[in-house]
Amino acid sequence: MKKFYMLVIAMLIVVGTSAMSSAALAPGTLLTIDQTFEGAVSYFTMAVGSATILTTNIKSTNTAGAFIAKSTSGGILLGTPQAAGSGSHTGTTTSADLNSIDAPWNFFFNTGEHFQSAAGITDNGDGTMSMAGWFVSWNGIPAINMGTGPAATFTVSGTHYTLDYMATVPIGDPSSFGGVPYALHINGRVFPAVVPEPASLLLIGSGLIGLIGLARRKN
């Protein structure tokens, strides 16, 4: 009987280890980009001069606090390419501007938006987020690679998250901001993807049930 309980404990440890190793948010998880909802503030900043730092507020919800499923401004879908929309042009934003991640914004008197390439934004499961697929389209420039910085810091508290990231506009970029520092700060909510339970965990669970049934029959 003692050996049985030792085996059960060992299997529970395996289950716990498997669960911890899969702690990263799954592809398809939605991260909203909130602005004013429950005090959230989301923005990016760029140091365009020695004493000039421009801050641009961003959001993914059409109404503060309202989650709109499958909207054209729904937030970041982890590990999922999200192409740029129609919010990259000269002049200020218009009511016709749409984008899949953030609502188009105005920077330096022109309109821009964020998008993610096939590389996607992915959770590393260690409190950091890979930003390799992070891009900006602005002032009609199709793609400005902003995914070259170190991994973003990523924290989750309940259903809310905070992401902080820093990068530099590539040298020689057609935006004329090459070499300019870029910082991103996002607050929002986590809407997990529906992911089937791993087969390995199902097998382990079945094994535990079988062992418990065997022990009861012996008693």
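First, a word on what this report is: a plain description of the structure on this page.

The rules we used
Residues numbered from 1 in each chain as written. Predicted model: local features only at pLDDT ≥ 70, side-chain atom pairs only at ≥ 80, totals over all residues. Heavy atoms only, no water. Helix = DSSP H or I, 4+ residues; strand = E, 2+ residues; numbered from the N terminus. Buried < 20%, exposed > 50% of the residue type's maximum accessible area, 1.4 Å probe, protein only. Contact = heavy atoms within 4.5 Å. Areas by Shrake-Rupley, 256 points an atom, 1.4 Å probe, with all protein chains shown as cover. Salt bridge = Lys/Arg side-chain N within 4 Å of Asp/Glu carboxyl O. Core = buried A, V, L, I, M, F, W, Y, C linked by side-chain atoms within 4.5 Å. Phe/Tyr/Trp six-rings, centres within 6.5 Å; stacked < 30°, edge-to-face > 60°. Lys, Arg positive; Asp, Glu negative; His and termini not counted. Polar contact = N/O pair within 3.5 Å; in protein donor to acceptor, adjacent residues only side chain to side chain. Pairing = 2+ DSSP bridges.

**A closer look at the overall build of the protein chain**
Now for step 1: The secondary structure content of the protein chain amounts to two helices and 14 strands.
Now for step 2: The buried share of the protein chain, reckoned over its 219 residues, is 38%.
Now for step 3: Here the contacts in the protein chain between residues at least 6 apart in sequence split such that 57% fall between residues at least 24 apart.
Now for step 4: Total accessible area on the protein chain is roughly 11500 Å²; 64% of this is exposed by carbon and sulfur atoms.

**Focus: the pattern of salt bridges**
Now for step 1: If you walk through the whole model with that rule in mind, you get one salt bridge.
Now for step 2: Between D34 and R189 there is a salt bridge; the shortest N-O distance is 2.8 Å. With a gap of 155 residues between them, D34 in the loop between strand 1 (30-31) and strand 2 (43-49) and R189 in strand 14 (residues 181-191) connect regions that are remote in the sequence. Assigned by exposure class, D34 and R189 land together as buried.

**Structural notes on the nonpolar core**
Now for step 1: Membership of the largest hydrophobic core comes to 32 residues, with the highest contact counts inside it found for W134, L163 and L184.
Now for step 2: Elements with a minimum of two residues in this core: strand 2, strand 6 (105-107), strand 10 (134-138), strand 11 (141-145), strand 12 (152-157), strand 13 (160-168) and strand 14.
Now for step 3: With residues near it in sequence (within four places) discarded, W134 still touches I76, I101, H114, F115, I121, I144, N145, M146, G147, Y165, Y182 and L184.

**Considering the packing of aromatic side chains**
Now for step 1: Taken as a whole and assessed by the stated rule, the structure comprises eleven aromatic pairs.
Now for step 2: Ring centres 5.9 Å apart and planes at 50 degrees place the aromatic pair F44 and F107 in the tilted group. One end of the pair, F44, is in strand 2; the other, F107, is in strand 6, and 63 residues separate them in sequence.
Now for step 3: F44 gets classed as buried once you look at its relative accessible area, which sits at 2%.
Now for step 4: Here F107 falls in the buried class, since its relative accessible area comes to 4%.

**Here's the deal with the side chain of E113**
Now for step 1: Locating E113 in the fold gives a position in strand 7 (residues 110-116).
Now for step 2: This buried residue, E113, is left without a salt bridge; K59 holds the nearest opposite charge, at 14 Å.
Now for step 3: Within the structure, E113 has its side chain in polar contact with the backbone nitrogen of G87 (distance 2.9 Å).

**As for the pairing of strand 3 (residues 52-57)**
Now for step 1: Pairing of strand 2 with strand 3 involves six bridges; the strand directions are antiparallel. Bridge pairing in strand 3 places G49 opposite T52.

**A word on the pairing of strand 7**
Now for step 1: Counted residue by residue, strand 7 has seven buried out of seven residues, so it is predominantly covered.
Now for step 2: Alternating residues of strand 7 divide into N110, G112, H114 and Q116 and T111, E113 and F115, and every residue in both groups is buried.
Now for step 3: Bridging between strand 5 (residues 89-90) and strand 7 involves two bridges; their strand directions are antiparallel. Following the sheet pairing, H89 is matched in strand 7 by T111.
Now for step 4: Bridge count for strand 6 against strand 7 is three bridges, and the pairing is antiparallel. Each bridged residue has a counterpart across the sheet, and for W105 the counterpart in strand 7 is G112.

**Quick notes on unusual backbone geometry**
Now for step 1: Phi at N139 takes a positive value of approximately 55 degrees, unusual for a residue other than glycine.
Now for step 2: Tracing the sequence through the fold places N139 in the loop between strand 10 and strand 11.
Now for step 3: Non-glycine residue S176 carries a positive phi angle of around 70 degrees.
Now for step 4: If you trace the backbone, S176 turns up in the loop between strand 13 and strand 14.

**Side note on the environment of W138**
Now for step 1: If you trace the backbone, W138 turns up in strand 10.
Now for step 2: Distance from W138 to E113, taken between C-alpha atoms, is 6.4 Å for residues 25 residues apart in sequence.
Now for step 3: Reaching out from W138, the side chain makes a polar contact with the backbone oxygen of F107 at a distance of 3.0 Å.

By themselves, these figures tell us nothing about what the structure is for.
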